[in-house]
Every structure is written in structure tokens, then in C-alpha cells.
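Secondary and tertiary structure notes
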Amino acid sequence: MMRTLALLLLVLLGALRPAVAVDTLRPEQLSPGMKGYGLSVFKGTKPERFDVEIIGVLRNALPKQDMILIRMSGADLEKHKVIAGMSGSPVYIDGKLIGALAYGWTFENEPLAGVTPIHNMMAELKLPIVAPSTINASMSLRRTSTMPAPFALPNAAFAQTGDDFGTPHPLLTPLSLGGFNSRVLERFASKFTGFGMMPIAAGGAGTRVLPHRSGDMEPGGAIGVQLIRGDMDATAVGTATYIEKNRILAFGHPFFQGGSVQAPAVLAEVHTIMSSLERSFKMASPIAEIGSMVGDWQSCIVADAKVQAQMLPISIDAANRDMGQSEHYDVEVMNNQAFTPQLVLMAIAQAVSAASGSSQDTTVRISVGAELAPVKAGGSSRTIAVTNTFFSAAGGILNIEGLMPLLAMFNTPFGSPTVKRVDVKVDAALTHQTADIKRAYFEKSELQRGETATLKIVLKPFGQPEVTKTIPIEVPAATDMLRYLVVTVIAGDSAPPDVAPPDNLDDFLDFIQRGHRNTDLVALLPTRSQGMQYHGKLLKKLPPSVVGILDDSSTGDVATAADILQLVESTDWVLSGQATVRVLIRQE
């Protein structure tokens, strides 16, 4: 009887103990001089051992997280030092897992590293998997933040400066890029290094669909996270630390601190180790899909073999009419508020660069169309389309930030709508299709109120004779405040939008589509009437009685606005400059 009770008690105690697949040691159980080994892939896909020795423990090095200091040897680490791509390499003492190699120093003389304790990483297994968020109805009603910057700022945890060599940083994560030329890589490198990534041209999977081989992943194996896949590829490479059922812990530090985020997780093959005094790195490429990254936290990333990442499909058609070339690209990018615009821009930049094919003067017309999921349950989806023309004297490399208005839909002040797909058309021509605004004038020295006068604008296209464009203008009546008609003519990219600041998501999407193009000639005319802004609408030419009523409104939803008339004339050139004309208004 007593034996049966004892056995029952042991079963109950076992049921209450956390299920851990491997034995582990906590930092407080370690002491200097203890020796063990780590696992990482240095060539191919099979993990190899390297030796480690405990130096000490930095208590609370990160918020509620210690850092274990180790010295490494073997596997040519005396030559390479700590290698970018080893992030997540499991470290064992007495056959027990203590954590993941994750931190290092720049220009170190010996292979020293910081290890993230495994119990901090295992705690992330308790966090639920959250699907990529979609915008809800409440977010569509009012502004939730200020206008976002074109790119998210680099995370302070990853930013390194020239005078912080004494501070441990997360090991750089090699970002293997395929399908991009060197000019595009150079242009976008800083966008990734700010997030602790190390862009390298190492190739990708290409257009082939990767086989699913989640069972091939093991502790110490090379694991990658795909930001872009298809005709272009961007895969961040690290190392798997621990596997429990369908979950994989890796990296030992945050990727870009994305929280609940999804992107394809892949098995990677290491081609070689590129040795460097500054930072050696693994050159690797994806070879099989193993699931999806589902979490990006302080201590590690989490991947799940049973989850399929929801990617954003992008179709790009690029043509060069002068050279008779055309290309089609199909890519998928990670669906993430911070990274998606950057990744889409990079794909467009590569298509534009390929369409240009040289460093000659290039004029490019880019059209972006997107299908958005319904904002509210039961609502209908909507599409938006934006087109603009750009010029570059350096071939296909454009002022990339100038393309951001085309992609403002991904990160709005009213939340991030769910973008279902994006279609891009690139039409490049090896021409210098620009023009300067030289002057503007009326043929009369005085204008009669109420008449329709012809404003003439002289443009000087590059390498061509001057061209005169005309805009008909209805002359307003003179007042004590408006004795002269003053017209300012500017290029579309400098003109203010002819809409009120958006008040909700739908208004913001309309705002994007109604922006002026770089080829627009815009004439600005102040008027004697007062304008008002009301719920995202710009009301013009209001009678004084209406202005008085709205201005006395206590709702707080009404604001005064200058009533400036905008007249737009399309041209064939990317415009620059401005001109102003001033003429007397005759009362008779």
C-alpha cells in the first residue's frame, strides 16, 4: 500500500515539473574555468563542435537577463574569432545546455563571446502565437499617431558607433541577398545594418519552391529567416539553439525586436566562412523551408514548424522602351509594418536598375496598385493606384525616398491596413526628360475682374527650345485685401496637397492618390474667401454666413484654412523651379 502511494506521489510530482527535453544549467550554477562545447555549422549543414570555457557571468546585463562570458577555441575560431551567423549556437557544460552564443565585441584579439541563458529563451515558449494584426474599425475613425517616417529608425540595441568597442552587441546577422546587383545592395545596406544585419551577396533560392524539411533541423543547425523570396531573395542566417516538439529557439538575441511577427523559417547551407579582422561571417543560402518565425523577443527568435508565414505577393513588370527589353518579377515579402515598405522599395529599385541597364540618364514612370482587405467586417475590399515619374542622372538608381508616397499605405497614422497584393509597373526610357520653370506672365498689364485671362508659363526642357504652357484663370474681383492677382507656379513635387489633412483611413488612402505628380505644373492663386477643414474635407468658396456658423461650432472638428485655388496642368517632363507673376486687378 505504501509503495503504491509513493509511486502515485512520484507521478504527481513529475506531472507538476516543467517538461524539459534536455538538462540545463542556470548562470548561478556556473563558475569560471568550467569547460564544455558549442555546436554550429561551419560548412554544409552538419553542426560541428567547438570548445568553450566559462569566464564569468555578467549579472543583469540586459533587463532581467544575465550574460554568460565564454572563451572559445577549436574550429579555427582562433583565426576567425566570433563569426556572424553563430548567433544561437547552443553551448553545453557537462553535457547540459546553458544557453546560446549571442553577443560579441568588435576587433577582439581572442574569441570571446556572451551567451544568453537558456531559461530566458525557454520562457518565450509560453508566449502565444499571434497572427499578423489587421486594422480594426476603431482604428479607421481617428488619427492614432503622427505621420510615420519613411523608414523605421534603427533599433538602439543594434546601433554601433566607432567608440563603443567595449560594449557587447548582438552578433551581426548575415543577410544573404540574391537577385540584386551591387548598386542596389550599396544603396540599401544602411537600411539593414541599422537593425543589426550584415548584407552580403550570397545568393538565394531563386524561383524554385523550397521543399519542406522541418525534421532536418537540429540544435546547432543553420537557420534562416526569409524577408524576401522568389525572383529576389533576402535571408537572415543564424543558428538553432533548442527544439521542443514543433518549436525552435534560435539566435539568442532579437532579430529586429518585431514581437509577434511572421516570416518563413528555412534550413540554410553554409558555403564557407569569410574571415575578417572586423567581423568574420558565414556565407549561406536557404535550401529548405521548416516553418515560420512566430516571435522576435529580447532573448531569441521563436520558429514553429506547423505555421506557414503569411507573405505579401508582389508582381513587377519592368520595361525599357528604348532597348526593347522587358522583365517580369514575382516576389513575396515579409508582411511587417516596419520592413515591408523598405523591402518593396528594394524590389522596385532592382527592377528599375535592371530596366535602365546602364548609368545613362534615365526617366522612369512607376505605377503602384494595391488591393486592400476590408477595414470592417462585412465591408468591401478596395484598391488604390498611384503613379509618378522620376528622373535619375545615374541610371536606374533613383532618389528612393521619393518613392515613399507610393507606398504610404503600409504605415498610416490610422493603423496599418491589410494589403493583400501589390502590382508594380516600371516604364524606363534612356532620356533626360526634365524641364525648368523659367517664368510666368500675362500678356496684359492689367486684368478686368470676372474675365478669363490666359496665364503663360515658359518651360525650358533639357536640351530643347523653350516651351510655353497655358492655364486659363478666372480673375476675381478686387477688394481692400486683394488689389493684385498674384499667381505662383511651382512643380508638382513642391506643391501642397489640395486636400485637408486626412481624418480617417479612407481619407488617408484618398490623400495618397490625390497627391501631385512630379510632372504636374501647379498654379497657386489666393482668393478672397475663407476655407474650412471639416472631418478630413477641405471646403472652399464658402459664403461668410456659412463660415461664421462653422467657426462658432463647439465640436472642435472645424478649423480655418487658407482658400488657395490650385490649377494643374500635366506635362511630359519632371519639373523643377518656380515662377511668380503679379498683375493689377481693374475694378471698372
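Look up: the structure comes first, before these words.
Calculation criteria
- Residues numbered from 1 in each chain as written.
- Predicted model: local features only at pLDDT ≥ 70, side-chain atom pairs only at ≥ 80, totals over all residues.
- Heavy atoms only, no water.
- Helix = DSSP H or I, 4+ residues; strand = E, 2+ residues; numbered from the N terminus.
- Buried < 20%, exposed > 50% of the residue type's maximum accessible area, 1.4 Å probe, protein only.
- Contact = heavy atoms within 4.5 Å.
- Areas by Shrake-Rupley, 256 points an atom, 1.4 Å probe, with all protein chains shown as cover.
- Polar contact = N/O pair within 3.5 Å; in protein donor to acceptor, adjacent residues only side chain to side chain.
- Pairing = 2+ DSSP bridges.
- Axes fitted to C-alpha atoms, helices over the stretch in contact; angles between N-to-C directions.
- Salt bridge = Lys/Arg side-chain N within 4 Å of Asp/Glu carboxyl O.
- Phe/Tyr/Trp six-rings, centres within 6.5 Å; stacked < 30°, edge-to-face > 60°.
- Lys NZ or Arg CZ within 6 Å of the ring centre and 35° of its normal.
- Core = buried A, V, L, I, M, F, W, Y, C linked by side-chain atoms within 4.5 Å.

Secondary structure assignment for the chain yields seven helices and 31 strands. Buried positions account for 50% of the 588 residues belonging to the chain. Of the contacts formed within the chain by residues at least 6 apart in sequence, a portion of 72% connects residues at least 24 apart. Per element, the accessible surface of the chain, about 26600 Å² overall, is 53% carbon and sulfur.

So, about helix α6 (residues 505-513). Taken together, the buried positions of α6 are Leu-505, Asp-507, Phe-508, Leu-509 and Ile-512. For α6, the side-chain oxygen to backbone nitrogen distance between the N-cap and Asp-506 is 3.1 Å, and the N-cap itself is Asn-504.

Moving on, we get to the sheet that holds strand β24 (residues 452-461). The mixed open sheet is built from four strands, whose spatial order is β25-β24-β22-β30. Two strands close off the open sheet at either side, each with one partner strand: β25 (467-474) and β30 (574-576). Taking each pair of neighbouring strands and ignoring which way they run, the sheet shows an average axis angle of 35°.

Here we come to the pattern of salt bridges. Should the charged atoms of two oppositely charged side chains come close, the side chains can pair. Overall, the coordinates contain 18 salt bridges when judged by the stated rule. Lys-456 is paired through a salt bridge with Glu-443; the nearest N and O atoms lie 2.5 Å apart. Here Lys-456 is found in strand β24, whereas its partner Glu-443 is found in the loop between β22 (434-441) and β23 (446-448), with 13 residues between them in sequence. With a closest N to O distance of 3.1 Å, Glu-451 and Lys-444 form a salt bridge. You can call Lys-444 partly exposed: its relative accessible area is 47%.

Once that is clear, we can look at the packing of aromatic side chains. Enumeration over the complete set of coordinates arrives at nine aromatic pairs. Summarising the aromatic geometry, the rings of Tyr-37 and Tyr-92 are spaced 5.0 Å apart at their centres and angled 20° between planes, so their arrangement reads as stacked. Residue Tyr-37 is found in strand β1 (residues 35-40), and its partner Tyr-92 is found in strand β5 (residues 90-93); the two are separated by 55 residues along the sequence. Given a relative accessible area of 10%, Tyr-92 falls into the buried group. Aromatic ring contacts, followed pair by pair, group Phe-192, Phe-195, Phe-251, Phe-255, Phe-256 and Phe-339 into a single cluster. The side chain of Lys-282 reaches across the aromatic face of Phe-42, ending 5.7 Å from its centre. Between the NZ or CZ atom of Arg-582 and the centre of the ring of Tyr-484, over which it lies, the distance is 3.7 Å.

Let us now look at the environment of Tyr-103. Along the chain, the position of Tyr-103 falls in strand β6 (residues 96-104). C-alpha separation for the pair Tyr-103 and Ser-87, spaced 16 residues apart in sequence, amounts to 7.6 Å.

This paragraph deals with the environment of Leu-249. In this structure, Leu-249 sits in strand β13 (residues 247-250). Judged by relative accessible area, Leu-249 falls into the buried class, the value being 0%. Expressed as a C-alpha distance, the spacing of Leu-249 and Glu-124, which sit 125 residues apart in the sequence, is 8.5 Å.

Now for the nonpolar core. Formed by 76 residues in total, the largest nonpolar core has its most connected members in Leu-227, Phe-255, Ile-366 and Met-409. For this core, the element with the most residues is helix α5 (residues 340-356), which contributes ten residues. Not counting the four nearest positions on each side in its chain, Leu-227 is found in contact with Leu-175, Phe-192, Met-197, Ala-234, Phe-255, Met-311, Glu-332, Val-333, Met-334 and Leu-343. Among the nonpolar cores identified, the runner-up in size contains 28 residues, and Met-72, Leu-101, Leu-171 and Ile-273 belong to it.

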